[in-house]
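Chain by chain, the residues:
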Amino acid sequence: MLISGEQIASRVIEMGRQITNDCGGQAVVFVGVLKGAAIFLSDLVRQVEVDASFDFIGVASYGNPRGPKQEKIWDSTGEVRLTKDVEHSLRDQNVILVEDILDTGLTLSFLKRLLLGHQPKSFRVAVLLDKTSRRKLAFEADYVGFTIPDAFVVGYGLDYAEKYRNLRDIYVLPTPPAVD
Ligand code: 5GP
């Protein structure tokens, strides 16, 4: 186990307070990145004391699927595509993009560019986890739950082949032995 459900809960309360303070009473649209950020978003929005609405956006990477096995497999090829767009225009809204994990930075760089095209009033990014050592594109989130080492993690929304999303805690998935 890397981060317990209790540690996550108290950090999410702190992040919610910080967001509430930064919002100065203005309404916010939270945009969650499917599917990994759904659980984080649902906990976070309940800790924010401003008028909040939410929407979801979906992306997929071309190339190899993510997995715990080796660098080659879970390195993205750099090609990100949209699988589900937001349902409402974000024009003139205060937007906070909510993502489970910031890794190479490719996904969030892509989404930032896309969502800035809506001409929001303000745009910020909240991530639960940040693997700073894996960055390929410079990207900094405005709110970071935990900075973690370079390991493949599951739980609290994060999956491996669609499994483990419902775990309360976050775990490092061990590298399976190589099969010839
Ligand atoms: P990036 O585009 O920053 O490389 O990757 C972000 C996406 O890769 C995340 O939204 C997440 O879906 C996936 N990802 C990166 N690292 C991990 C990890 O350790 N575990 C899981 N389950 N997904 C990860």
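It should be noted that the structure appears before, not after, this text.
In what follows, the accompanying structure is described. (Residues numbered from 1 in each chain as written. Predicted model: local features only at pLDDT ≥ 70, side-chain atom pairs only at ≥ 80, totals over all residues. Heavy atoms only, no water.)

### A short note on helix H2 (residues 38-45)
When we look at burial in H2, the residues that qualify are Phe 40, Leu 41, Leu 44 and Val 45. Buried residues of H2, seen end-on, are gathered within an arc of 115° and therefore sit on one face of the element. Residues of H2 that are buried make contact with helix H1 (5-23), strand S1 (28-34), strand S2 (52-61), strand S4 (94-102) and strand S5 (122-130). (Buried < 20%, exposed > 50% of the residue type's maximum accessible area, 1.4 Å probe, protein only. Helix = DSSP H or I, 4+ residues; strand = E, 2+ residues; numbered from the N terminus. Arc of directions from axis to C-beta. Contact = heavy atoms within 4.5 Å.)

### Section: the pairing of S5
Judged by how many residues are buried, S5 sits mostly within the fold: eight of nine residues are covered. Note: S4 against S5, eight bridges, orientation parallel. Looking at the pairing, Asn 94 lines up with Ser 122 of S5. Taken together, S4, helix H4 (residues 106-116) and S5 form a β-α-β motif whose crossover is right-handed. Here S5 pairs with strand S6 (residues 143-147) via four bridges, running parallel. (Pairing = 2+ DSSP bridges. Right-handed = clockwise from strand over helix to strand, strands pointing away.)

### Description of the nonpolar core
One finds Phe 30, Leu 44, Leu 128 and Leu 129 to be the most contacted residues of the largest nonpolar core, which totals 28 residues. Elements with a minimum of two residues in this core: H1, S1, H2, S4, S5 and S6. Considering every element that reaches this core, the biggest residue donor is H1, with five residues. Sequence-distant contacts of Leu 128, defined by excluding residues within four places in its chain, comprise Ile 8, Val 12, Phe 40, Glu 99, Asp 100, Val 144, Gly 145, Phe 146, Tyr 156 and Ile 170. Among the nonpolar cores identified, the runner-up in size contains 21 residues, and Val 33, Val 86, Phe 123 and Val 125 belong to it. (Core = buried A, V, L, I, M, F, W, Y, C linked by side-chain atoms within 4.5 Å.)

Interpretation note: all reported values are geometric properties and have no functional meaning in isolation.
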